[in-house]
Amino acid sequence: MDVFDELLRGVRGTGAVFGRSLLWPPWSLRFTDGAYLTLCMPLRGEGWIVPEGGEPLRVETGAAAVVRGPAPFCFTDRPSGGTGPEAGSGDGVREVRWRRGQDMAVAPDGSPELDCSTVLLAATYDVRTEVPQRLLRALPPALVVTDEEDCAPLRDYLEARMGGRRPGDQIVLDRLLDWMLVCTLRDWFDRPEADPPGWYGALGDEVAGPALRAMHEDPAYPWTTAELASRAGVSRTTLAKRFTELVGDGPVAYLADWRMTLAADLLTRPELTVAAVARRVGYADAFGFSAAFKRLRGESPSAYRRDALASGAVNAPAPVG
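What comes next concerns the included structure. Bear in mind that the values here come from a model prediction, so they are computed numbers and not experimental data.

Another point: helix 9 (residues 251-266). Taking 1.5 Å of rise per residue, the 16 residues of helix 9 would be expected to cover 22 Å, and the 22 Å separating its terminal C-alpha atoms lies within 8% of that figure. Counted residue by residue, helix 9 has 13 buried out of 16 residues, so it is predominantly covered.

Here it is, written out as structure tokens:
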């Protein structure tokens, strides 16, 4: 399994959280819903992302912007007026709040749709699970990835489907937006200005990479440093040194932390007992697992589950393996 894909597997858009905006200048859209991630894609025209307390970022047709919440931000045709969610406001500017799941027009009365200068597609993602946050926490407050490949046919298709009513359009749009988000994040982390976590770069290393992939493919296996070193064809000392240099922790410490990350998400599934979660992440009994979880996460598995239930971060039941 590709580790990047695994980490983002739980980041999914749904039909309730995206919308298309038709924009005539001067305009300013304010995003104040506190989403964990927001994806903005101008299907036509361009604008500026202005994160709270940050510098404006230009987003042209074909580019994709990702903004990390929950701080508010604005998308505007003019970044004048300072930085922050109020940027772009002023005399003559039509300023509205972006609304989840609704198509909207920010335009003079009676303006035909074909005359609008910008068509923005935006999708929000409420990410509560721990696994994808290992990667998403490394994102800057806002980022823009330009269209280095000609994606005009995809943009045209997205815009056409947004206004359609064919059966299945909703699911197609959801999955296309998921694909666009993953592609945008992958392209971003491959850029020199990105600051990915150490393990991300280590995946491509000929020594640390095989060990990392082995732990992600089978986290419940009782891996030893010797077995992981054999995957890369090096000694235990060589693996431990190289792994620590790139990742910041040794292989055993990384495995323990990865298991607790997986366990945190499994604990939000009410149909799984603590003992079942323990077995899935490589512990023979609930007692040893609970001690490790509390040591690394600062609270017991039962307390973590209660907090998750209280916050609403509960996953749908799935078959118990």
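Back to the write-up after that little detour.
In this section: helix 7 (residues 225-232). Turning to helix 7, its buried residues number three or more, namely L228, A229 and A232. Burial along helix 7 is one-sided: seen end-on, the buried residues are contained in an arc of 100 degrees. Tucked inside the fold, the buried residues of helix 7 contact helix 6 (208-217), helix 8 (236-247) and helix 9. Directly beyond the C-terminal end of helix 7, a positive phi value near 70 degrees is found at G233.

So, about the pattern of salt bridges. By the definition in use, this model includes 10 salt bridges. Taking the shortest distance from any N to any O, the salt bridge between R269 and E271 comes out at 2.9 Å. By relative accessible area, E271 is classed as partly exposed at 26%. Several salt bridges share partner residues, and in doing so they unite D205, K241, R242 and E245 into one network.

Looking now at the packing of helix 6 against helix 9. One can describe the packing of helix 6 onto helix 9 by two numbers: an axis separation of 11 Å at closest approach and a directional angle of 30 degrees. With respect to helix 9, the axis of helix 6 lies roughly parallel. In this structure, the crossing between helix 6 and helix 9 has a hand that is right-handed. The segment helix 6 lies against helix 9, with L212, M215 and H216 engaging P251, Y254, L255 and W258.

A separate point is the pairing of strand 3 (residues 37-44). Most of strand 3 is tucked away: seven of the eight residues are buried. Here seven bridges tie strand 3 to strand 10 (residues 118-125), and the two strands are oriented antiparallel to one another. Residue pairing for strand 10: R44 is matched across the bridge by V119.

Calculation rules
Residues numbered from 1 in each chain as written. Predicted model: local features only at pLDDT ≥ 70, side-chain atom pairs only at ≥ 80, totals over all residues. Heavy atoms only, no water. Helix = DSSP H or I, 4+ residues; strand = E, 2+ residues; numbered from the N terminus. Expected span 1.5 Å × (residues − 1). Buried < 20%, exposed > 50% of the residue type's maximum accessible area, 1.4 Å probe, protein only. Arc of directions from axis to C-beta. Contact = heavy atoms within 4.5 Å. Salt bridge = Lys/Arg side-chain N within 4 Å of Asp/Glu carboxyl O. Axes fitted to C-alpha atoms, helices over the stretch in contact; angles between N-to-C directions. Parallel < 35°, antiparallel > 145°, perpendicular 65-115°, else oblique. Left-handed = near helix turned anticlockwise from the far one by under 90°. Pairing = 2+ DSSP bridges.

That is the geometry; function is a separate question.
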